[in-house]
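Survey of secondary and tertiary structure
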Amino acid sequence: MPSIEELYALEILDSRGRPTVQATCTLGSGASGTASVPSGASTGHAEARELRDGDRRRYGGLGCRHAVANVNGAIRSALTSRKIADQAELDLCLCELDGTPGKGRLGANAILAVSLAFARAVSQERATPLFAYFASLLGTTPQLPQLTVNLFSGGKHAGGQVSIQDILVVPCSAQSVDQALAMVYAVYQAAAAISLEKYGMRALTADEGGLAPPFLDVDAMLYDAVAAIERAGLRPGTDVALAVDVASSHFYVDSNYLLDHARLASHGMIARILTWLDRYPIVSIEDGLAEEDWGAWPDLNTVLQGRALTLGDDFLCTNPGRIRRAVELRAANALLLKVNQVGTLTEAADACRLARAAGWAVVVSARSGETEDNWLADLATGWAGDFIKVGSITQSERLATYNRLLEIVARYDLPFAGGQYEHR
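Worth saying up front: this structure is predicted, and the values here are computed from it rather than measured.

1. Observations concerning the pairing of strand β5 (residues 166–170)
- Among the five residues that make up β5, five are buried, leaving the element largely enclosed by the rest of the structure.
- Burial along β5 is two-sided: D166, L168 and V170 and I167 and V169, pointing in opposite directions, are all buried.
- Where strand β4 (residues 146–153) and β5 come together, four bridges link them in antiparallel fashion. Its bridge partner being in β5, F152 is matched across the sheet by I167.
- Bridge count between β5 and strand β6 (residues 241–245): five bridges; the pairing is antiparallel. Considered in β6, the bridge of V170 is made with A241.

2. A look at the sheet that holds strand β9 (residues 262–264)
- Ordered in space as β7-β8-β9, the three strands form an open sheet in which the pairing is antiparallel. The strands lining the two open edges of the sheet, one partner per strand, are β7 (252–253) and β9.
- Here two bridges tie β7 to strand β8 (residues 256–259), and the two strands are oriented antiparallel to one another. In the sheet register, Y252 faces β8, and the bridge partner there is Y257.

3. Focus on the sheet that holds strand β13 (residues 361–365)
- One closed barrel holds the eight strands; their spatial order is β4-β5-β6-β10-β11-β12-β13-β14, and the pairing between them is mixed. On average, each strand axis in the sheet is tilted by 25 degrees relative to the strand beside it, whichever way the strands run.
- Here strand β11 (residues 309–312) pairs with strand β12 (residues 334–337) via two bridges, running parallel. When the sheet's bridge partners are listed, G312 is paired in β12 with L335.
- Against the sheet, helix α12 (residues 375–382) engages β12, β13 and β14 (387–391), with an angle of about 165 degrees to β14.

4. Details of the nonpolar core
- If you look at the biggest cluster of nonpolar residues, it comprises 128 residues, and the most contacted ones within it are L79, I164, L242, M269, W276, L379 and W383.
- Contacts of I164, omitting those with residues within four sequence positions, involve G154, G155, V218, M221, V244, D245, V246, F251, L259 and W276.
- Listed in part, the 13 residues of the second largest apolar core include L168, A243, L309 and V363.

The rules we used
Residues numbered from 1 in each chain as written. Predicted model: local features only at pLDDT ≥ 70, side-chain atom pairs only at ≥ 80, totals over all residues. Heavy atoms only, no water. Buried < 20%, exposed > 50% of the residue type's maximum accessible area, 1.4 Å probe, protein only. Helix = DSSP H or I, 4+ residues; strand = E, 2+ residues; numbered from the N terminus. Pairing = 2+ DSSP bridges. Axes fitted to C-alpha atoms, helices over the stretch in contact; angles between N-to-C directions. Contact = heavy atoms within 4.5 Å. Core = buried A, V, L, I, M, F, W, Y, C linked by side-chain atoms within 4.5 Å.

Right, dumping it as structure tokens:
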């Protein structure tokens, strides 16, 4: 039974230059783990709450000194020299210490940093790879996930030049992580060339590394994605398919969707999504409807069945309560799992367990504000994610995770989840 000997945190910067929290946990055995937490731009109302300082004179109010102080103060005092039976006991202690439903008192960023640092420390103490430790929390057999990689960005990730958030490529014919990355590289370079030719735009990137030309509308964005696949010498829908992060909540106003200069009711939004599926090789629709448009989500899931995943991000917020409700209503069939949406590894594991019990696919996801920490690769592998969603292949905070996947491939003989979601 491990005991925590030392615990401390500091404020570091994420990929957008905004503060976040890094924590280090040292056990009585001397084993130590350090972890940092990401932060999202597109956030759901049901997410666990980050603690920000609110001082507009420093980082526009986004500082994390109070969250860091909570780790170095209240959390350290409660946990130092205490024997912890397992990850579940640690995370329960953190939740009880906070005492609020959304972790707003101590901060979800402070709590998750400690949860992850403890996991790394125990993994080191056991002399086991981090993905194996994560697998032990769920009883899963590790598996390398298929990739979904950001190609084009809009919405909150790119200044809103087009309403929807991201178009991602899915190298569905790839038989390995290495082959998948090589295919994505070819498509990305083709997309950069198209962006220069059509829009006169150099390869300037959005929050997650995606290209962000001034598309006229969503169809232009999708059309250019297919053109990039073809220019790369690959077959759309057979070699490389598309996934669409709609992020509908961000253009949902007065019970209508303001998309491409049109005002659509829920059934109109569903119809628009169906036109995309008819025209383009799409295998996943993420947040196709707004997070509180509960009445229409079952209809969306019904029409997408057998054609594309109905993937919930802001809609579900990795929140067990929302997942249970969605399962009961048959409102989705895939979970976008973001650990910082719920705040601890144990709660994220509960969310994953619920999704799997319902027969859903699981996509393990990064956030738009990431760090060079690569624990997400181990989490997606340990929890046998069907997909991993990291961002593009151009920025070091994204590449750190892809490179960790390549390291896992080189060192361990694990199955790969690729090839199962070819466009139908």
